[in-house]
Amino acid sequence: MSRIPTTDPKQATGNMSSLSRPVLSPVEMFGRRLRNRLAVAPMTRVSASGDGLATDRMKDYYRDFARGGFAIVITEGTYTDKDASQGYDRQPGIADRRQANSWKPVANSIADHGSLAIMQLMHAGALSQRQGADRVVAPSAVPPLGEMMPAYGGSGPYRLPSAMTTTDLAQVRKGFVAAARRARRAGFHGVEIHAANGYLLDQFITDYTNRRDDGYGGAVSARIRYPAEIVAAVRDSSPDDFVVGIRVSEAKVNDFNYRWGGKSEAETIFVALAEAGASYIHVAGEGRGFRESSTDNREPLTTMARGMTGLPVIANGGLHDPDLADDVIRNEHADLISLGRAALATPNWPRRIANGERVVPFENVMISPSASIQNTDAWFARQLAHGMHA
Ligand SMILES: Cc1cc2nc3c(=O)[nH]c(=O)nc-3n(C[C@H](O)[C@H](O)[C@H](O)COP(=O)(O)O)c2cc1C
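A brief structural summary. (Residues numbered from 1 in each chain as written. Predicted model: local features only at pLDDT ≥ 70, side-chain atom pairs only at ≥ 80, totals over all residues. Heavy atoms only, no water.)

### A word on the overall build of the chain
Along its length, the chain carries 12 helices and 13 strands. Computed over the C-alpha atoms, the radius of gyration of the chain is 20 Å, within 12% of the 21 Å expected from 2.2 N^0.38 for a compact globule of 390 residues. By principal-axis analysis of the C-alpha atoms, the chain measures approximately 65 × 45 × 40 Å. Here the chain holds 390 residues, and the buried ones make up 62% of them. Expressed as a percentage of contacts within the chain between residues at least 6 apart in sequence, the contacts between residues at least 24 apart total 72%. Summed over its atoms, the accessible surface of the chain is roughly 14,900 Å², and 49% of this surface lies on carbon and sulfur atoms. Separation between the mean location of the 45 positive side-chain charges and that of the 42 negative ones in the chain comes to 5 Å. (Helix = DSSP H or I, 4+ residues; strand = E, 2+ residues; numbered from the N terminus. Rg over C-alpha atoms; globule rule 2.2 N^0.38 Å. Buried < 20%, exposed > 50% of the residue type's maximum accessible area, 1.4 Å probe, protein only. Contact = heavy atoms within 4.5 Å. Areas by Shrake-Rupley, 256 points an atom, 1.4 Å probe, with all protein chains shown as cover. Lys, Arg positive; Asp, Glu negative; His and termini not counted. Charge placed at Lys NZ, Arg CZ, Asp CG, Glu CD.)

### Looking at the site of the ligand
The local shell around the ligand holds 17 residues, among which T44, R247, N316, G318 and R341 are the closest. N197 places a side-chain nitrogen or oxygen 3.2 Å from a nitrogen atom of the ligand. Its free accessible area being 610 Å², the ligand has 92% of it covered by the protein chains. Its residues assigned to classes, the shell around the ligand comprises 5 nonpolar, 9 polar and 3 charged. (Near = heavy atom within 4 Å. Polar contact = N/O pair within 3.5 Å; in protein donor to acceptor, adjacent residues only side chain to side chain. Nonpolar A, V, L, I, M, F, W, Y, C, P; charged D, E, K, R; others polar.)

### Notes on the pattern of salt bridges
This model, assessed by the stated rule, comprises 20 salt bridges. Among the ionic pairs, E192 bridges to R247, the shortest N-O distance being 4.0 Å. Separated by 55 residues along the polypeptide, E192 in strand β9 (residues 190–197) and R247 in strand β10 (residues 243–252) bring together distant segments of the chain. For the pair E192 and R247, one class covers both residues: buried. The network of salt bridges with shared partners includes D60, R63, D64 and R67. (Salt bridge = Lys/Arg side-chain N within 4 Å of Asp/Glu carboxyl O.)

### Points about the nonpolar core
In this structure, W103, F270 and I337 are the most contacted members of the largest nonpolar core, which totals 105 residues. The element best represented in this core is helix α3 (residues 166–185), accounting for 7 residues. F270 has contacts with V248, W260, I281, V283, L301, M304, A305, M308 and T309, leaving out every residue within four places of it along the chain. One finds V27, M29, L34 and I314 within the second-largest nonpolar core, a separate group that totals 14 residues. (Core = buried A, V, L, I, M, F, W, Y, C linked by side-chain atoms within 4.5 Å.)

What follows is the structure, encoded as structure tokens:
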């Protein structure tokens with residue numbers, strides 16, 4: 001079932017030429033021509049098979065974003081190894097050849113529709129809420145704040161993780177490298193390393209979840225060391241034209257209020273990731289809008305990241321108003337915009353904005369009680385039955 005809203009010229013909202021919309025302007029980046037500045041933000045949909053394979057429905061789901069005009073499609077966080085990386089039941093993996101093969105039709109259908117296919121690689125660390133996991137690991141044995149998220153199949157407090165040993169550090173690093181190689185062989189143009197939103201690599205960056213005293217904890221220059229090592233290891237083992245992005249954020253799914261220690265801490269983080277060889281920096285707006293994503297002096301984090309590294313930067317968080325998204329590009333706060341919930345509600349958002357057509361506003365029930373694709377499909381089916389969004 002395709003849930004792309006069909007085009008209804010009667011509901012057009014006025015036609016602003018795509019040429020005058022900065023967000024729809026093409027750009028040369030990553031050695032390619034991107035048709036516009038729009039990426040689909042990574043969104044976990046807990047819709048894989050029980051053994052972590054990408055399904056036919058997932059193929060159509062991702063294809064719809066590419067067909068709908070997004071220049072870049074970033075997949076949901078995909079787990080990297082069979083040990084302790086998996087965050088959720090029904091989360092897809094790229095931890096073995098079978099899982100990698102299941103992604104081939106997804107990568108191909110994104111590429112066939114002219115978009116860049118990027119797989120987000122994720123290790124959940126202490127925020128794993130998988131039923132029956134043997135082991136939960138983290139930089140340090142610190143109980144996570146908050147409670148597991150029901151929309152992704154969890155409830156109650158998170159488990160107490162065990163602190164990663166030196167052997168664990170090497171194994172997890174190898175897991176990321178092998179996962180990136182499998183993603184490349186499956187047809188992806190690149191990977192995005194998930195170091196945002198409170199998951200394993202963000203747990204290293206964050207002061208209160210990283211209490212290590214082995215050179216990977218303490219000052220921010222040490223806390224960023226492990227995520228930077230992962231970027232460098234993936235970069236070194238990939239061909240030059242393979243994109244190796246990194247995603248960071250201040251806020252976390254279990255702590256919306258966390259902030260980095262000002263501009264100098266931001267600089268240490270961004271510069272270390274750039275020196276490690278990241279192709280781009282994606283600043284997630286977890287739980288807060290792009291406008292709030294700034295540290296001491298109200299300069300957006302994305303603007304800082306661009307200035308400090310010269311890398312392409314993706315802005316994210318509440319940028320579903322095309323005029324606001326245009327402002328971010330026009331004012332050079334970022335090179336690209338990623339849309340999460342707006343893309344989920346309107347997979348052909350770029351085409352519809354280019355044509356001056358109405359978009360479907362995101363509603364929380366689309367991902368509640370479950371964040372699954374099936375739950376969103378059911379929402380659209382109910383709307384169609386009531387003659388809405390036809
Ligand atoms: C259903 C859902 C699943 C998400 N899963 C991920 C994920 O797997 N990886 C990630 O980095 N961010 C994830 N996010 C965060 C989004 O990428 C994005 O940062 C957030 O929704 C804010 O952007 P928006 O205002 O455009 O929706 C998820 C968000 C939603 C709504």
